[in-house]
Amino acid sequence: GQNIDQPTEMTATEGAIVQINCTYQTSGFNGLFWYQQHAGEAPTFLSYNVLDGLEEKGRFSSFLSRSKGYSYLLLKELQMKDSASYLCAVRDNDYKLSFGAGTTVTVRA
Amino acid sequence: IAGITQAPTSQILAAGRRMTLRCTQDMRHNAMYWYRQDLGLGLRLIHYSNTAGTTGKGEVPDGYSVSRANTDDFPLTLASAVPSQTSVYFCASSERLAGSNEQFFGPGTRLTVL
């Protein structure tokens, strides 16, 4: 099975940087995904890591360390529209995803 | 149709009734998934299908059944609904390939069982 932990809530100021950590213990690993979910909406894909290191995509970056079972999502230059839940998910060798409970980020003016 | 759709958008159901949630995708993805999302618990996999004609059990399959008669449709049935099945249900699809083949999610069905 999979055990995926991430903080429940984080608050940051507009224009700041926030780092959301995710730790996992899995019986199989075939990639780690981050999704964004606005209240009342479906999750949407943000990033994917399968090798160790940093993947950068505009204001969002994601890091993976497979040996430590650790990932983080970095949100830079925060905007009000970034207020959402951020979901960490691990893909197993059968291509199924296991999700953490999600981190709700609130951006304050 | 563009992407993945679900119906109904929301439903209030009496306990003991049978209910089918519909999911259709037009991306020709081979894999499809059903999740439920509950506050504090995140998305949990109910059932999945790696390809048309096959299905598998996820983390929380009890009380639910699925079928995959063709590539596009993946209905989820609650044979006799119970209040603990009150949740938001998301259907998703993806290519079952290595790499960044993310799952695409439908808009969700909000189900209340009374």
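**Q** I keep staring at the interface of chain B and chain A and nothing clicks. Help me out?
**A** Buried accessible area, meaning the area lost when the parts come together, often serves as the stated size of an interface. Taken together, the contact between chain B and chain A spans 22 residues of the former and 17 residues of the latter. Here chain B meets chain A over a buried area of about 1600 Å², counting both sides, of which 57% is carbon and sulfur. Where chain B packs against chain A, one counts 1 salt bridge. A salt bridge links A:Asp94 to B:Arg96, with the nearest nitrogen and oxygen atoms 2.4 Å apart. Where chain B touches chain A, the interface holds 5 residue pairs in polar contact (both at pLDDT 80 or more). The set of elements that each furnish at least two residues to the side of chain B that touches chain A consists of β4 (31-38) and β5 (42-49) of chain B. No other element matches the 4 residues that β5(B) contributes to the side of chain B that touches chain A. Classifying every residue of the side of chain B that touches chain A by side-chain character gives 11 nonpolar, 9 polar and 2 charged.

**Q** Just to check I follow, could you spell out the packing of aromatic side chains for this structure?
**A** Remark: the centre distance and the inter-plane angle together describe each pair of aromatic rings, the angle taken between the planes. Under the criterion given, the structure shown has 16 aromatic pairs over all chains. The interplanar angle of 75° and the centroid separation of 6.2 Å between the aromatic rings of A:Phe99 and B:Phe105 together place this pair among those described as edge-to-face. Highlighted residues: A:Phe99 in strand β10 (residues 97-99) and B:Phe105 in strand β10 (residues 104-105), drawn from two different chains. Consider the rings of B:Tyr35 and B:Phe105, whose centres lie 5.6 Å apart with planes at 35°: the pair is tilted. One end of the pair, B:Tyr35, is in strand β4; the other, B:Phe105, is in strand β10, and 70 residues separate them in sequence.

**Q** Is there a simple way to think about the sheet that holds strand β3 (residues 19-25) of chain B in this case?
**A** Backbone hydrogen bonds hold the strands of a sheet together, and the pairing may be parallel or antiparallel. Residues and elements named next belong to chain B. The sheet built from 4 strands is open, its strands ordered β1-β3-β8-β7 with antiparallel pairing. Bordering the open sheet on either side are β1 (4-7) and β7 (64-66), each of which pairs with just one other strand. Neighbour-to-neighbour, the strand axes of this sheet turn through a mean angle of 20°, independent of strand direction. Where β3 meets strand β8 (residues 76-78), 3 bridges bridge the pair, whose relative direction is antiparallel. Residue pairing for β8: Thr20 is matched across the bridge by Thr77.

Reading the values: the criteria
- Residues numbered from 1 in each chain as written.
- Chains lettered and ligands numbered in written order.
- Predicted model: local features only at pLDDT ≥ 70, side-chain atom pairs only at ≥ 80, totals over all residues.
- Heavy atoms only, no water.
- Contact = heavy atoms within 4.5 Å.
- Buried area = accessible area lost by both parts, 1.4 Å probe.
- Salt bridge = Lys/Arg side-chain N within 4 Å of Asp/Glu carboxyl O.
- Polar contact = N/O pair within 3.5 Å; in protein donor to acceptor, adjacent residues only side chain to side chain.
- Helix = DSSP H or I, 4+ residues; strand = E, 2+ residues; numbered from the N terminus.
- Nonpolar A, V, L, I, M, F, W, Y, C, P; charged D, E, K, R; others polar.
- Phe/Tyr/Trp six-rings, centres within 6.5 Å; stacked < 30°, edge-to-face > 60°.
- Pairing = 2+ DSSP bridges.
- Axes fitted to C-alpha atoms, helices over the stretch in contact; angles between N-to-C directions.

The quantities given are spatial measurements derived from coordinates; they are silent on function.
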